[in-house]
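Residues per chain, in single letters:
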Amino acid sequence: MKKLIVKSQLPDRKALDQQIENIGMELSPVIWQHERVYLPSDYRPGMNYPRLVMRTEVRSTEQPAVYSMYLKRHIEDSGVDWVNFTEVKDYTEASGIIHQLGFRKVAEISRQRQELWIDDKTVLYVDKVEGLNNHYMKLEAEVIGDEPIEPLRRDLFNILGMLGQETFIMQAYFDLMSNIEQPYFIPEE
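Here's what I pulled together on the structure shown here. Please read all numbers here as calculations on a predicted model, not as lab measurements.

Residue N48 is not a glycine yet carries a positive backbone phi of 65°. As for its position among the elements, N48 is in the loop between β2 (31–40) and β3 (50–58). Judged by relative accessible area, which is 26%, N48 ranks as partly exposed.

Turning next to the nonpolar core. Core analysis: the largest hydrophobic core is formed by 22 residues, its most contacted members being L4, L16, L124, M137, L139 and L160. For this core, the elements supplying multiple residues, two or more each, are β1 (2–10), α1 (13–22), β7 (122–129), β8 (135–143) and α3 (149–162). When residues in this core are grouped by element, the largest group, 6 residues, is from α3. Apart from residues no more than four positions distant in its own chain, L139 is found in contact with L4, I5, V6, I118, V123, L124, L156, I159 and L160. By size, the runner-up hydrophobic cluster in this structure holds 14 residues, among which are V53, A107, I109 and I169.

Calculation notes
Residues numbered from 1 in each chain as written. Predicted model: local features only at pLDDT ≥ 70, side-chain atom pairs only at ≥ 80, totals over all residues. Heavy atoms only, no water. Helix = DSSP H or I, 4+ residues; strand = E, 2+ residues; numbered from the N terminus. Buried < 20%, exposed > 50% of the residue type's maximum accessible area, 1.4 Å probe, protein only. Core = buried A, V, L, I, M, F, W, Y, C linked by side-chain atoms within 4.5 Å. Contact = heavy atoms within 4.5 Å.

From the geometry alone we can't say anything about function, so treat these as descriptive.
Structure representation (structure tokens):
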């Protein structure tokens, strides 16, 4: 599946909560996620290399944890991410497969996440990542077929703007934890 993703650091989490409440919407209860991020041994930034992630997710303390693996490949020239995602029954075996494929673990990310589905293909996440001081907002939209990217990208930036965000961030959370943060301004139309 193809996704378009934009992320922004929240200067004021309470203001975002108020804006969401004002439009009659509500974030989900908190979801706890822990991810192990793996990169190919020959990984180089900006080269469209994939990363593999093993995720443990707990949506409720009354339910067992769900384990999943996903591969994400960011295509630099389009800004689109290719994402393949599958549930994993045996976490240890799946991790072993990743290591045997030559991927190396580069980070572990723990976060508390809330989500809000804006429509059937667009979701807003609010994340509090352990090790980072602020909350982050992440918008993900599925790209359907040969749907043009630029109108969808403008829609995501418009949503960011309506929610009071003036900048967006390109880096993954594991990059941000390495203090490589570089905010980008939302492009003008």
